[in-house]
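A look at the structure
Here is what each chain is made of, one letter per residue.
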Amino acid sequence: MASMRDIKRRKGSIQSTQQITKAMKLVSTVKLQRAKSNAEKSKTYFHAMYETVHSILKKTKNLDHKYLKSGETGKKAVIVITSNRGLAGGYNSNVVKLITQGSLKNEDLAIYAIGKKGKEALSKKYEIAEDYSDCIEEPVYAEAMRISARLLKDFEEGKINEIYLAYTGFKNTVSHIPTLLKLLPIDSGDEIMADAGTEFSEEDDKVLMNFEPEEEEALDLLIPKYITSLIYGSMIEAVAAENGARMQAMDSATSNAEEMIDKLTLMYNRARQSSITQELTEIIAGANAIS
Amino acid sequence: MADNLFKLRIITPERTFFEGDVSMVEFNTTEGEVGILKGHIPLTVVIAPGIITITDESGVREAALHAGFAEVLQDGVVIMAEIIEWPQEIDLDRAKEARDRAEERLRTKTPETDIARAETALQRAVARINVFNK
């Protein structure tokens, strides 16, 4: 059995770890509250934007627009949204797995990283085209605009031919879903996939959409807005999911520490008792020997 | 009256600004002002800064709508607005200052002046002031 001093030292170190995890849990709980209310507020816009743009394009036939056809050359771009800090359970590795083990695994990818952890994990295998890790600390719309402008420029220049978005969707505090979303080009095949579960009236889709100003001009304005708001929305959701994941991870770390401390306390008390017993036996034996 | 109603949703990144049944909605687009009633042909328009007028059973309401786009369908309208404000949310002094700044920039224009930007800023400020004064 380990000596009393060893057990005491071990217990002390676990206790201080527990204090850290407990504090981190409290911090991420507070952050989660804020991020959650942000995510809930922007969620409607984010989803409505996705639906509206898809519904507009579904009603348009024979589109010939630069953003809507995939180029011959270039790589597939993936915007990877992870966190800058670790200790969030499987949060970062789930997003990375989505890319390294998902449908894109054998492709030649260009990574546009938002978040250091994802960048570090993917830099071994893929090319990192750009690093926007600073914006995940506090997502603002202007940053999303900058990122989408860069992506659309690369898309037009033929450096990339498809754009995907990998992020963690925030469903509620305990449920976060790593998601891979195809942003561009939006083609009809994908829309059917996306709508497989929902009912939509065939009739409605046959009516052709009119554009004002001209189709081309309207889409020129609309698609950057669409990309920007999807990037922004997913950044906000990812922040909420990150804090949720960290809160859970820290919560289980704290309770694990609790368990270990309980076990060590028991061991310590046993060791103390046995040392007292031993001491008593020795004293009695000594006294007996004298008399 | 009830037959003329259609669904209007105005959504911004921060909130759902308006959701309900209305009989008419008017707003400014890049091609000029439009008024939409029930049964309009499907239409996608890009919004220009201006006043949006919402008419429903309880009366007429106005707001300043600055940017975004709208999808018009036969039985509903979705406006994806970037910025939209009710009159009580507008800071009149700030809007006036912005108008003066934009006018000044357009007057003293140099080759570097971003005219399109100054013009939209001016349009926005004017829309705000107009909504406030109504």
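The following refers to the structure shown. Predicted, not measured: the structure shown is a model, and the values here were computed from it. (Residues numbered from 1 in each chain as written. Chains lettered and ligands numbered in written order. Predicted model: local features only at pLDDT ≥ 70, side-chain atom pairs only at ≥ 80, totals over all residues.)

Glancing now at the pairing of strand E2 (residues 16-22) of chain B. Summarising the sheet, strand E1 (residues 6-11) of chain B and E2(B) pair through six bridges and their orientation is antiparallel. Paired with B:Leu8 across the strands is B:Gly20, a residue of E2(B). (Pairing = 2+ DSSP bridges. Helix = DSSP H or I, 4+ residues; strand = E, 2+ residues; numbered from the N terminus.)

Our focus in this paragraph is the interface of chain A and chain B. Accessible area lost upon the coming together of the parts is a frequently used measure of interface size. Across the boundary between the two partners, chain A contributes 24 residues, which contact 19 residues of chain B. When residues of the side of chain A that touches chain B are traced back to their parent elements, those giving at least two are helix H1 (4-58), strand E6 (210-212) and helix H7 (215-290) of chain A. Considering every element that reaches the side of chain A that touches chain B, the biggest residue donor is H1(A), with nine residues. Classifying every residue of the side of chain A that touches chain B gives 14 nonpolar, six polar and four charged. Two elements, E6(A) and strand E5 (residues 43-46) of chain B, share three bridges in a ladder whose sense is parallel. Within the sheet, the bridge partner assigned to A:Asn210 lies in E5(B) and is B:Leu43. (Contact = placed C-beta atoms within 7 Å. Nonpolar A, V, L, I, M, F, W, Y, C, P; charged D, E, K, R; others polar.)

Residues and elements named next belong to chain A. Relative orientation of the contacting elements H1 and H7 amounts to 160°, with a least axis distance of 5 Å. It follows that H1 is roughly antiparallel to H7 by the angle criterion. Between H1 and H7 lies a crossing of left-handed hand. Grouping the amino acids of the contact of H1 with H7 by side-chain chemistry returns 28 nonpolar, 15 polar and 12 charged. (Axes fitted to C-alpha atoms, helices over the stretch in contact; angles between N-to-C directions. Parallel < 35°, antiparallel > 145°, perpendicular 65-115°, else oblique. Left-handed = near helix turned anticlockwise from the far one by under 90°.)

To continue, consider the sheet that holds strand E4 (residues 160-170) of chain A. Picture the strands of a sheet paired through backbone hydrogen bonds; they go either parallel or antiparallel. Residues and elements named next belong to chain A. Reading across from one edge, E3-E2-E1-E4-E5 is the order of the five strands in this open sheet, with mixed pairing throughout. Edge positions in the sheet fall to strand E3 (127-131) and strand E5 (176-184), since each of these pairs with one other strand and no more. On average, each strand axis in the sheet is inclined to that of its neighbour by 25°, with strand direction left out of account. Pairing analysis gives four bridges linking strand E2 (residues 109-114) to E3, with the strands arranged parallel. Looking at E3, one finds that Ile111 is bridged to Ile128. The sheet contacts of helix H2 (residues 91-100) involve strand E1 (75-81), E4 and E5, and relative to E4 the element is tilted by about 150°. The strands that H7 touches are E1, E2, E4 and E5; relative to E4, the one it contacts most, it runs at about 35°.

Looking now at the pairing of E4(A). Residue and element names in this part refer to chain A. With eight of 11 residues buried, E4 is to be regarded as a mostly interior element. Where E1 meets E4, six bridges bridge the pair, whose relative direction is parallel. Within E4, the residue paired with Ala77 across the bridge is Ile163. Between the end of E4 and the start of E5, which pair antiparallel, lie five residues. (Buried ≥ 20, exposed ≤ 12 C-beta atoms within 10 Å, placed from the backbone.)

All names here are of chain A. Grouped together as the largest cluster of nonpolar side chains are 94 residues, with contacts concentrated most on Val78, Val80, Ala166 and Met235. Sorting elements by how many residues they give to this core places H7 first, with 19 residues. Ignoring sequence-local partners within four residues, the contact set of Val78 consists of Ile99, Leu104, Leu109, Ile111, Tyr112, Tyr164 and Ala166. (Core = buried A, V, L, I, M, F, W, Y, C linked by C-beta atoms within 7 Å.)

All names here are of chain B. Given a rise of 1.5 Å per residue, 19 residues ought to cover 27 Å, and the 27 Å separating the end C-alpha atoms of helix H2 (residues 115-133) matches this to within 8%. Every buried residue belonging to H2 is among Arg124, Ala125, Ala127, Arg128 and Val131, and all of these are buried. In a view along the axis of H2, the buried residues occupy a sector of 155°, so they form one face of it. For H2, the exposed residues lying more than 90 degrees away from the buried face are Ile115 and Asn133. Looking at the buried positions of H2, the neighbouring elements they touch are strand E6 (50-56), strand E7 (59-73) and helix H1 (92-107). (Expected span 1.5 Å × (residues − 1). Arc of directions from axis to C-beta.)

This next bit is on the environment of B:Thr53. Relative to the helices and strands, B:Thr53 is located in strand E6. In this structure, the C-alpha to C-alpha distance between B:Thr53 and B:Asn133, residues 80 residues apart in sequence, is 14 Å.

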